[in-house]
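Here is what each chain is made of, one letter per residue.
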Amino acid sequence: MTKTAPDLLTFGETMALFMPPDHRSIEGAAMLEQSYGGAESNVAIGVARLGESVGWFGALGDDPFGRSILKRIRGEGVDVSRATLSADAPTGMMFREIVSGKLAVHYYRKHSAASKMMLSDLDLEYIRSCKFLHITGITPALSDNCRETIFAVVAAAKEAGVKISFDPNLRLKLWSIEQAREVVLPLAAQADYFLPGWDELRLLYDTDDFEAVKEKLAHLSAVSIVKGVGDTNVVLENGQVVEVPFYPIDRVIDTVGAGDGFCSGFLAGLLKGMSVLEAVRLGSISGALVVQSRGDWEALPDWTSVERRLSDKGWVER
């Protein structure tokens, strides 16, 4: 078992994923493709592909799905030495389909192994020895004990000088916006890097006024990167506001995983010693490459693919 943690750690629920081929509906499909997905493990895979050391941990069921997921994440070069397989609870499942041209996701995660995670199950010394801890708002939405666990983990990490990256990743099928605000906003206040989408901020702060939102973000100690403000990502750092345009792409195949692609690129950039703006640019490229193929994590790019686009002289920031 690894004694010292990788540079970046993330944890949360990863589920077995089933979807019909060729963007069909589940009712009209004769078969389903099997994969897996979870925001935190997606980010871990993305960071590993970009050449940085990363670990993911969480609880999976000791069932065929959980064992397969663990092997496949490990196969991507991610440290899973602190992930656990539970004999008492199953791996969560999600089913994805296209209905009337729109994405629909059906979750079967109640009482999953991940929802039963507790602080006593985690290796705090392992967490304290990393450089960055990346969390999302999905984990605290799973259960009361998960909520308590994530706050305790953040406190332990901050005490050890670990930098906290937080993507709210709102999932309103898990809780109401009122419940989410009570947890997401306090976590944002503890983060070093806050990575919300503009659509999420509109819900969290209950306003469409970007100036009012900027004023709220200015009170955070975090560097905030607001994804998807028009065709830009907006960086708020030390009172300065900078727009970084999306990396241009020719076609969009599947937007699932774009946010995780951005986060993995951004975090890998920080680990490589890039400035925040350089890391945002790397995140934009990574997210853009993800949407040009289908899948949660399958299209996450490697460093060679991203590095080639980083040197593209045709892409000029505003």
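Structure's up top.
For clarity, every value in this text was computed on a predicted model and none was experimentally measured. (Residues numbered from 1 in each chain as written. Predicted model: local features only at pLDDT ≥ 70, side-chain atom pairs only at ≥ 80, totals over all residues. Heavy atoms only, no water.)

A.B. asks: Would you take a moment to explain the packing of aromatic side chains for this structure?
C.D. replies: By convention here, two paired aromatic rings are described through the distance between centres and the angle between planes. The final tally for this structure, using the stated rule, is 11 aromatic pairs. Where F18 meets F95, the ring centres are 5.2 Å apart and the plane angle is 20°; that geometry is what we call stacked. A residue pair is termed long-range when its members are at least 10 positions apart, and F18 in strand β2 (residues 15–19) and F95 in strand β7 (residues 93–99) qualify at 77 residues. Both residues of the pair, F18 and F95, belong to the buried class. A centroid spacing of 6.4 Å and a plane angle of 70° characterise the contact between F57 and Y126, whose relative ring orientation is edge-to-face. Of this pair, F57 sits in strand β4 (residues 54–57) while Y126 is found in helix α3 (residues 124–128), placing the two residues 69 residues apart along the sequence. Grouping aromatic residues by their ring pairs yields a cluster made of F18, F65, F95 and Y108. (Phe/Tyr/Trp six-rings, centres within 6.5 Å; stacked < 30°, edge-to-face > 60°. Helix = DSSP H or I, 4+ residues; strand = E, 2+ residues; numbered from the N terminus. Buried < 20%, exposed > 50% of the residue type's maximum accessible area, 1.4 Å probe, protein only.)

A.B. asks: In this structure, what is going on with the side chain of S35? I would like to understand it.
C.D. replies: Along the polypeptide, S35 turns up in strand β3 (residues 33–37). Of the polar contacts made by the side chain of S35, one reaches the side chain of E298; its length is 2.9 Å. Setting aside anything within four residues of it in sequence, one finds S35 in contact with M15, A16, L17, R72, W297 and E298. (Polar contact = N/O pair within 3.5 Å; in protein donor to acceptor, adjacent residues only side chain to side chain. Contact = heavy atoms within 4.5 Å.)

A.B. asks: Sorry if this is basic, but what is going on with the state of the cysteines here?
C.D. replies: In protein structure, a disulfide is the covalent linkage between the sulfur atoms of two cysteines. Inspection of every chain in the model, using the stated rule, returns zero disulfides. Free cysteine: C130, not disulfide-bonded; nearest cysteine sulfur from C263 at 16 Å. Exposure remark for C263: the relative accessible area of 0% places this residue in the buried category. (Disulfide = S-S within 2.5 Å.)

A.B. asks: Sorry if this is basic, but what is going on with the pairing of β7 here?
C.D. replies: Looking down a regular strand, the side chains alternate between one sheet face and the other. With three bridges connecting them, β2 and β7 associate as parallel partners. Within the sheet, the bridge partner assigned to L17 lies in β7 and is M94. Between the antiparallel neighbours β7 and strand β8 (residues 102–108) lie two residues, among them S100 with a positive phi of about 50°. (Pairing = 2+ DSSP bridges.)

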